[in-house]
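Architecture at a glance
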Amino acid sequence: MRSSTDNHDSRRRFWALIGVGVASWLGYLVIALGAQSLHEEGSGRHSLLLLLALFALQFGLYLGAIWLARRARQDGRLLALIVAAAVAFRVTLLFSDPIEEIDLYRYLWDGAVATEGVSPFRYSPYQVLAAPADADLPSDLARLVKLRDRSPEMAVILDRVHFGELPTVYPPVSQAIFAIAAWSTPHGASVYWRMTWMKAWFVAFDLATLFLIIGLLRLSAQPVGWSVAYAWCPLLIKEIANSGHLDALAFFLATLSLYFAVLALYGTQGERFKRCAAVAAIIILSLAVGAKLYPVILAPLVLLSSASRFGWRFTFVVAAVFLLVTGILLWPML
């Protein structure tokens with residue numbers, strides 16, 4: 001039984017956490033209002049030192065939030081506060097200009113290329129920019145030239161792609177999300193709204209990862225207050241909600257893979273379910289590698305854990321599935 005003093009301290013920490021959340025949101029609001037794109041007119045007024053100081057303050061509040069959330073009463077009210085603030089922080093930065101970032105232009109161009117039925121691994125942006133509209137071009141390159149010429153927004157995006165002399169380096173699973181975002185973007189949308197819509201997809205994956213982390217905490221009987229370590233992390237919020245980095249997709253798929261791995265290793269379901277969960281974990285990990293290559297470092301952990309639980313014969317099958325699916329996913333890059 002919790003004493004009345006413990007309950008009082010828990011309530012006090014909960015209200016203190018609300019105060020930290022409000023202060024953090026105000027900080028993100030100031031950052032959002034002060035953010036300027038590298039391509040925005042007059043971006044020289046953009047003060048990086050001020051923004052860095054604001055983010056340093058956000059990190060101080062973040063560390064305080066972790067301390068408070070761990071010591072507050074671990075109930076639904078705490079979880080609702082953590083999730084609501086996480087959504088508010090991300091939505092606030094979602095509509096801000098990316099700070100010192102230009103990766104989104106490549107995502108937008110790759111997505112538009114895919115919706116034209118052309119592989120984004122085939123032509124570099126510079127090849128499309130340099131191709132004359134009246135020349136005898138290959139049919140797929142001609143479609144990209146028409147895209148360049150009929151859409152002023154796409155012409156701007158194409159011109160801003162970094163390392164434009166190279167075809168894309170982003171793997172096919174990420175390309176699928178780029179294409180879906182491009183397909184669902186209204187025709188004639190401005191460059192700003194195209195960027196915001198693309199970022200919104202990654203914010204959605206980011207929040208989905210948060211719910212997976214909450215599920216993992218519950219599976220491992222850990223305090224849900226620990227979810228604030230992901231939910232309120234300023235670096236994560238800046239890099240995804242403001243900068244729109246596709247890593248949010250890789251985070252989601254890698255975390256989903258580990259969620260299924262935990263079910264396979266420690267779940268209370270039957271043996272058949274656990275083996276299916278192990279196969280699902282490795283297939284989803286393949287998708288994570290197909291989104292951003294670095295989740296491959298988790299493969300040895302998942303496979304060795306599988307071997308300790310199910311034996312090497314089953315694990316060899318799982319490893320073969322991983323190699324096969326990963327190879328198929330990455331083949332277009334070759």
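Scroll up to find the structure this text is about.
Residues numbered from 1 in each chain as written. Predicted model: local features only at pLDDT ≥ 70, side-chain atom pairs only at ≥ 80, totals over all residues. Heavy atoms only, no water.

Attention now goes to the overall build of the protein. The number of helices and strands found in the protein is 15 helices and 0 strands. Within the protein, buried positions represent 51% of all 334 residues. Pairs at least 24 apart in sequence give 79% of the contacts found in the protein among residues at least 6 apart. Within the structure as shown, the protein displays about 16100 Å² of accessible surface, and the carbon and sulfur contribution to it stands at 68%. Between the averaged position of the 27 positive side-chain charges in the protein and that of its 22 negative side-chain charges there is a distance of 15 Å. (Helix = DSSP H or I, 4+ residues; strand = E, 2+ residues; numbered from the N terminus. Buried < 20%, exposed > 50% of the residue type's maximum accessible area, 1.4 Å probe, protein only. Contact = heavy atoms within 4.5 Å. Areas by Shrake-Rupley, 256 points an atom, 1.4 Å probe, with all protein chains shown as cover. Lys, Arg positive; Asp, Glu negative; His and termini not counted. Charge placed at Lys NZ, Arg CZ, Asp CG, Glu CD.)

Taking burial as the measure, the 9 residues of helix α11 (residues 234–242) include 7 buried ones, the bulk of the element. Looking only at α11, the buried set comprises P234, L236, I237, K238, I240, A241 and N242.

What follows concerns the pattern of salt bridges. Evaluation of the coordinates by the stated rule reveals 9 salt bridges. Of the charged contacts, one joins R150 and E116 as a salt bridge, the two residues approaching to 2.7 Å between their closest N and O atoms. Of this pair, R150 sits in helix α6 (residues 139–150) while E116 sits in the loop between α4 (103–115) and α5 (125–130), and the two are 34 residues apart along the sequence. Between E239 and K238 there is a salt bridge, and its shortest N-O distance comes to 3.4 Å. Shared partners join several salt bridges into a network, and the residues in it are E101, K238 and E239. (Salt bridge = Lys/Arg side-chain N within 4 Å of Asp/Glu carboxyl O.)

A few words on the nonpolar core. By size, the foremost hydrophobic cluster in this structure holds 102 residues, and its most contacted members are W109, F202 and W232. The dominant element in this core, judged by the number of residues it contributes, is helix α9 (residues 191–219), at 12 residues. Look past the residues within four positions of F202 in its chain and what remains in contact with it is Y107, I177, F178, I240, G244, H245, L246, A248 and L249. (Core = buried A, V, L, I, M, F, W, Y, C linked by side-chain atoms within 4.5 Å.)

Time to look at the packing of aromatic side chains. Counting across every chain of the model gives 16 aromatic pairs. Seen in terms of ring centroids, Y107 and F202 are 5.9 Å apart; in terms of plane orientation they differ by 70°. Their pairing is edge-to-face. Taken as a pair, Y107 in helix α4 and F202 in helix α9 lie far apart in primary sequence, 95 residues in all. Exposure class is identical for Y107 and F202. Each is buried. Seen in terms of ring centroids, W197 and W201 are 6.2 Å apart; in terms of plane orientation they differ by 85°. Their pairing is edge-to-face. Taken together, the residues span about one helical turn, with W197 and W201 both in helix α9 at a distance of 4 residues. Of the residues examined, W197 reaches a relative accessible area of 36% and is grouped as partly exposed. (Phe/Tyr/Trp six-rings, centres within 6.5 Å; stacked < 30°, edge-to-face > 60°.)

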